[in-house]
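# Chains, contacts and geometry: an overview
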Amino acid sequence: MKLGKKLLLASAIVMVHSAQAAVDVSFAPDVETVIVNGNKTLNLLEKTEDLTLNNGLNQIVVRVSKLVEGQGQLEKYRSEPIVITLTVNDKQFKVVPGARVVSSIDVRNFDTNPTLKLIASNGDVINAKMDVLPKNNSGDSATLFGRDYLKDLAYYNQSQGYAFAGEKPLIEPKKKPKQLVKIESPATAVEPVAIVQPAKIVAAEQELKNIYSQLTPQQRKAFLGWAVTQ
């Protein structure tokens with residue numbers, strides 16, 4: 001796929017407390033980061049930290065992770081990862097679930113329509129491109145410990161026309177298909193086959209004709225009667 005229009009995700013590395021970075025991102029307690037600008041951040045043993053990113057194009061992969069009410073007990077719920085791709089400058093916003101996730105019914109509803117909101121410091125909702133991170137159809141993004149989120153993200157970005165600077169495409173562009181045609185065999189004329197009689201048979205036939213011509217009418221009659229019975 002050509003990456004002409006395609007926005008190159010600045011090799012934006014998370015720069016905490018950097019003077020050049022001007023996008024501050026915080027997260028609700030039940031939202032955890034999985035990948036930030038191509039760097040895996042998921043750590044089940046640590047709480048998700050706030051981010052300070054460079055102005056411009058950024059990409060964050062998050063998921064909702066919390067305890068929900070199950071059948072008489074609390075159950076751990078983790079949503080599918082959601083890719084957030086946005087271009088902002090000099091903003092502060094918080095990532096929160098777009099719907100209530102408290103009970104098993106809420107979980108089913110959220111899985112059907114997973115949504116997030118980016119709430120700016122002034123209360124406005126920031127627009128961003130959001131998609132559930134699809135599992136790569138080729139099946140090569142599975143690991144011993146689960147999904148390879150980085151590879152799944154690379155496939156997703158390539159399908160959407162994005163790439164991190166210096167990142168090679170996972171799939172080479174398809175070549176233009178060739179047209180398959182059927183080659184008809186040329187019609188072959190059937191040559192007539194001449195039937196050649198053996199020379200001995202031809203000579204014998206001619207000899208009989210000579211003998212027959214010399215017979216009297218009575219002899220010819222007797223000869224024909226004999227020939228019919230043979």
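Below is a short write-up of the structure. (Residues numbered from 1 in each chain as written. Predicted model: local features only at pLDDT ≥ 70, side-chain atom pairs only at ≥ 80, totals over all residues. Heavy atoms only, no water.)

It is worth spelling out unusual backbone geometry at this point. Although it is not a glycine, asparagine 37 sits at a positive phi angle of roughly 45°. One can find asparagine 37 in the loop between strand S3 (31-36) and strand S4 (39-40). Under the relative-accessibility criterion, asparagine 37 is labelled buried at 6%. At aspartate 90, a position not held by glycine, the phi torsion is positive, near 50°. The residue aspartate 90 is located in the loop between strand S8 (82-88) and strand S9 (91-97) in this model. Classification of aspartate 90 by relative accessible area gives exposed; the value is 57%. (Helix = DSSP H or I, 4+ residues; strand = E, 2+ residues; numbered from the N terminus. Buried < 20%, exposed > 50% of the residue type's maximum accessible area, 1.4 Å probe, protein only.)

Taken as a whole, this structure holds six salt bridges when the rule is applied. Its salt-bridge partner being arginine 63, residue glutamate 32 comes within 2.6 Å of it at the nearest N-O pair. Of this pair, glutamate 32 sits in strand S3 while arginine 63 sits in strand S6 (residues 56-69), placing them 31 residues apart in sequence. The exposure classification of glutamate 32 matches that of arginine 63, with both residues buried. Within this structure, Glu80, Arg147 and Asp152 form a network of salt bridges that share partners. (Salt bridge = Lys/Arg side-chain N within 4 Å of Asp/Glu carboxyl O.)

Residues of helix H1 (residues 104-112) that are buried: Asp106, Val107 and Phe110. Buried residues in H1, looked at end-on, bunch into an arc of 100°, giving them a common side. H1 presents Arg108 and Thr112 as exposed residues on the side facing more than 90 degrees away from its buried surface. Tucked into the core, H1 has its buried residues touching S6 and strand S7 (74-78). (Arc of directions from axis to C-beta. Contact = heavy atoms within 4.5 Å.)

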